[in-house]
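Summary of structural features
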Amino acid sequence: MRITAGQLKGRLFDDPPSARAHPMSDRIKNALFNSLGDIKGLHFLDGFGGTGALSFEAISRGASHVTVCELDNGVAKSLQGNIAKLGLESRIQLIEKSVYSYINQQPKPFDVIIADPPYMEFSKQKFERLTKVLKPDGLLVLSYPSAADIPWIAGLELVKQTQYGNAALAFYRHVS
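Below: a short report on this structure.

Another point: the overall build of the protein. When helices and strands are tallied, the protein shows five helices and seven strands. Counting from the amino terminus, helix and strand elements in the protein follow one another as α-β-α-β-α-β-α-β-α-β-β-β. Its C-alpha radius of gyration of 15 Å places the protein within 12% of the 16 Å reference for a compact globule of 176 residues. Here the C-alpha coordinates of the protein stretch approximately 40 × 35 × 30 Å along the principal axes. In the protein, buried positions account for 53% of the 176 residues. Intrachain contacts of the protein at a sequence separation of at least 6 include 63% that bridge at least 24 residues. About 8,100 Å² of surface is accessible on the protein, with carbon and sulfur atoms providing 50% of the total. Of the charged side chains in the protein, 20 are positive and 17 negative; the average position of the first set lies 3 Å away from that of the second.

Shown next as structure tokens:
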């Protein structure tokens with residue numbers, strides 16, 4: 001796998017040894033970050049770390065810090081290895097638990113939350129819980145199966161939705 005743009009463009013990292021991680025295609029990943037625009041200095045939460053591709057891309061494109069959650073032990077071990085391989089230990093914090101357990105610890109709010117869960121775990125009710133750690137006017141980006149209805153999430157305004165084959169992205173702004 002590789003980072004597609006920014007300061008670390010072209011840097012390679014390893015796939016985790018688990019089929020549980022479903023990496024987002026480069027096309028969708030680029031569309032996501034192009035839609036976000038300038039992310040310099042922003043704090044991200046990558047709720048479902050998997051390969052780490054979204055976390056690495058965010059840092060490469062200027063995010064100041066990423067907190068990434070990964071529940072699967074084998075995937076988390078691979079992710080930690082890639083963080084070290086890319087020299088990003090000071091800019092990416094790996095949380096080895098589910099994003100929902102992590103947000104119960106009431107961390108400081110984030111500017112951007114990216115939720116790209118395994119599709120078999122797609123749950124609108126769970127995603128609504130993420131709003132409690134999203135800054136006012138912050139963005140939540142949800143990757144979901146395009147065959148599913150676009151979820152309405154309380155406290156968020158849908159600002160953009162795009163489809164790419166069997167995947168879709170929804171961009172929500174936290175309204176205060």
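Now, onward.
Tallied over the full model, the rule gives four aromatic pairs. Judged by centre distance (4.9 Å) and plane angle (70°), the rings of Phe13 and Phe56 are edge-to-face. Taken together, the positions of Phe13 in the segment before helix H1 (26–36) and Phe56 in helix H2 (residues 53–60) put the pair 43 residues apart, joining distant regions of the chain. We note that Phe13, like Phe56, is buried. Ring plane angle 25° and centroid distance 6.4 Å describe the contact between Phe33 and Phe44, whose orientation is recorded as stacked.

What follows is about the pairing of strand E3 (residues 92–95). Bridge count between strand E2 (residues 65–69) and E3: four bridges; the pairing is parallel. Within E3, the residue paired with Cys69 across the bridge is Ile95. Taking the sense of rotation as the criterion, the β-α-β connection linking E2, helix H3 (residues 73–85) and E3 turns out right-handed.

Oppositely charged side chains can form a pair if their charged atoms are brought close together. This structure, assessed with the given rule, holds eight salt bridges. Among the salt bridges present, the one from Arg61 reaches Glu57, with a minimum N-O distance of 3.0 Å. Residue classification places Arg61 among the buried residues on the basis of a relative accessible area of 19%. The residue Arg173 makes a salt bridge to Asp137 at a minimum N-O spacing of 3.7 Å. One end of the pair, Arg173, is in strand E7 (residues 167–174); the other, Asp137, is in strand E5 (residues 134–145), and 36 residues separate them in sequence.

Running from N to C, H1 and H2 point in directions that differ by 40°, and their axes come no closer than 11 Å. When the interaxial angle is binned, H1 and H2 end up oblique. With respect to the hand of their crossing, H1 and H2 are arranged in right-handed fashion. Contact residues: Lys29, Asn30 and Phe33 in H1; Ala53, Leu54, Glu57 and Ala58 in H2. Among the residues making up the contact of H1 with H2, the classes are represented as four nonpolar, one polar and two charged.

In this section: the environment of His43. Within the secondary structure, His43 is located in strand E1 (residues 43–46). When the C-alpha atoms of His43 and Ala58 are compared, they prove to be 9.3 Å apart, with 15 residues separating the residues in sequence. A polar side-chain atom of His43 sits 3.4 Å from a polar atom in the side chain of Ser64.

Basis of the calculations
Residues numbered from 1 in each chain as written. Predicted model: local features only at pLDDT ≥ 70, side-chain atom pairs only at ≥ 80, totals over all residues. Heavy atoms only, no water. Helix = DSSP H or I, 4+ residues; strand = E, 2+ residues; numbered from the N terminus. Rg over C-alpha atoms; globule rule 2.2 N^0.38 Å. Buried < 20%, exposed > 50% of the residue type's maximum accessible area, 1.4 Å probe, protein only. Contact = heavy atoms within 4.5 Å. Areas by Shrake-Rupley, 256 points an atom, 1.4 Å probe, with all protein chains shown as cover. Lys, Arg positive; Asp, Glu negative; His and termini not counted. Charge placed at Lys NZ, Arg CZ, Asp CG, Glu CD. Phe/Tyr/Trp six-rings, centres within 6.5 Å; stacked < 30°, edge-to-face > 60°. Pairing = 2+ DSSP bridges. Right-handed = clockwise from strand over helix to strand, strands pointing away. Salt bridge = Lys/Arg side-chain N within 4 Å of Asp/Glu carboxyl O. Axes fitted to C-alpha atoms, helices over the stretch in contact; angles between N-to-C directions. Parallel < 35°, antiparallel > 145°, perpendicular 65-115°, else oblique. Left-handed = near helix turned anticlockwise from the far one by under 90°. Nonpolar A, V, L, I, M, F, W, Y, C, P; charged D, E, K, R; others polar. Polar contact = N/O pair within 3.5 Å; in protein donor to acceptor, adjacent residues only side chain to side chain.

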